[in-house]
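Working through the structure, step by step
The lines below spell out each chain.
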Amino acid sequence: MDIRKPVRETPSPASPSRFVIVTLSGQYLAVNAESIRGLLTLEETGNIEHPTAHGMVYGAIHLADRLNIPNDQGSANTRVLLLSEGEARGSIRVTTVQGFLEIPLTQILPLPMQFRGPERYWYQGMILFAKSIALVLNTTWILNEHVSA
């Protein structure tokens, strides 16, 4: 009888990563699709601060304030992303959702040396998108202060 331990697969650089590309005050941001639990309009949230989905409360995270960028999330295109990672949950408002992107890990570029301060924790890299760049948000950092029991 041959008993083998299951082999843990580690993502190879060629394996695809999935992101939802959003804008926040005109800046492209990439959110790891694995962390997204829902996408709502403001009407669907009932304009409440902390949306609830499937019996779970997603505390509002004021991402624009945390990233020190202007807050312009009151348009008809504004969407609310419900995020979770482990026990942490939260919701962020974004100006628009651009779409879904699947790329190999090798296409995620490192942050340039100009990112020397706390912003090195905010972002995990960059993706070339729409003749510009999308900064890859660090979901763990976003949800850091919103751990739900």
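In short, a report on the structure.

**A short note on the overall build of the protein**
Of regular secondary structure, the protein possesses 4 helices and 11 strands. Looking at the 149 residues of the protein, the share that counts as buried comes to 44%. In the protein, the proportion of contacts linking residues at least 24 apart, taken out of those at least 6 apart, comes to 63%. About 9,100 Å² of surface is accessible on the protein, with carbon and sulfur atoms providing 53% of the total.

**Concerning the sheet that holds strand β7 (residues 79–85)**
One open sheet accounts for 4 strands, arranged β3-β7-β8-β6; its pairing is mixed. Here the strands that pair on one side only, and so sit at the sheet edges, are β3 (36–41) and β6 (60–61). Where β6 lies against strand β8 (residues 88–94), 2 bridges are found, and the strand directions are parallel. Looking at the pairing, Ala-60 lines up with Ser-91 of β8.

**Things to note about the side chain of Thr-45**
With respect to the secondary-structure elements, Thr-45 resides in helix α1 (residues 42–45). By relative accessible area, Thr-45 is classed as buried at 7%. Here the side chain of Thr-45 touches Leu-42 through a polar contact of 2.7 Å, landing on its backbone oxygen. Those residues in contact with Thr-45, other than ones at most four positions away along the chain, are Leu-40, Pro-51 and Val-80.

**Quick notes on the sheet that holds strand β9 (residues 96–104)**
Strand order in this open sheet of 5 strands is β9-β1-β2-β11-β10, and the pairing throughout is mixed. Each having just a single partner strand, β9 and β10 (123–129) make up the two edges of the open sheet. Adjacent strand axes in the sheet meet at a mean angle of 30 degrees when their direction is disregarded. Where strand β1 (residues 16–24) meets strand β2 (residues 27–32), 6 bridges bridge the pair, whose relative direction is antiparallel. Looking at the pairing, Val-22 lines up with Leu-29 of β2.

**What to know about the packing of aromatic side chains**
Within this structure, the stated rule accounts for 4 aromatic pairs. On the basis of an interplanar angle of 90 degrees and a centroid distance of 6.1 Å, the ring pair of Phe-115 and Tyr-123 is categorised as edge-to-face. Here the two residues Phe-115 and Tyr-123 agree in accessibility, since each one is buried. Between Trp-122 and Tyr-123, the aromatic rings sit 6.2 Å apart at their centres with planes inclined by 70 degrees, giving edge-to-face as the arrangement. You can call Tyr-123 buried: its relative accessible area is 6%. It is Arg-66 that lies over the ring of Trp-141; its NZ or CZ is 4.1 Å from the centre.

**Quick look at the pairing of β10**
Counting buried residues in β10 gives 5 out of 7 residues, a clear majority hidden from the surface. Sheet topology places β10 next to strand β11 (residues 132–137); 6 bridges connect them, and they run antiparallel. The partner of Phe-129 across the bridge, within β11, is Ser-132. Counted along the chain from β10 to the antiparallel partner β11, the turn is 2 residues long, and its residue Ala-130 has a positive phi close to 50 degrees.

**A short note on the environment of Leu-63**
Following the sequence through the fold, Leu-63 ends up in helix α2 (residues 63–66). Judged by its relative accessible area of 2%, Leu-63 is buried. In this view, Leu-63 contacts Leu-24, Leu-29, Ile-92, Leu-137, Trp-141 and Ile-142; residues no more than four positions away in its chain are not counted.

What counts as what
- Residues numbered from 1 in each chain as written.
- Predicted model: local features only at pLDDT ≥ 70, side-chain atom pairs only at ≥ 80, totals over all residues.
- Heavy atoms only, no water.
- Helix = DSSP H or I, 4+ residues; strand = E, 2+ residues; numbered from the N terminus.
- Buried < 20%, exposed > 50% of the residue type's maximum accessible area, 1.4 Å probe, protein only.
- Contact = heavy atoms within 4.5 Å.
- Areas by Shrake-Rupley, 256 points an atom, 1.4 Å probe, with all protein chains shown as cover.
- Pairing = 2+ DSSP bridges.
- Polar contact = N/O pair within 3.5 Å; in protein donor to acceptor, adjacent residues only side chain to side chain.
- Axes fitted to C-alpha atoms, helices over the stretch in contact; angles between N-to-C directions.
- Phe/Tyr/Trp six-rings, centres within 6.5 Å; stacked < 30°, edge-to-face > 60°.
- Lys NZ or Arg CZ within 6 Å of the ring centre and 35° of its normal.

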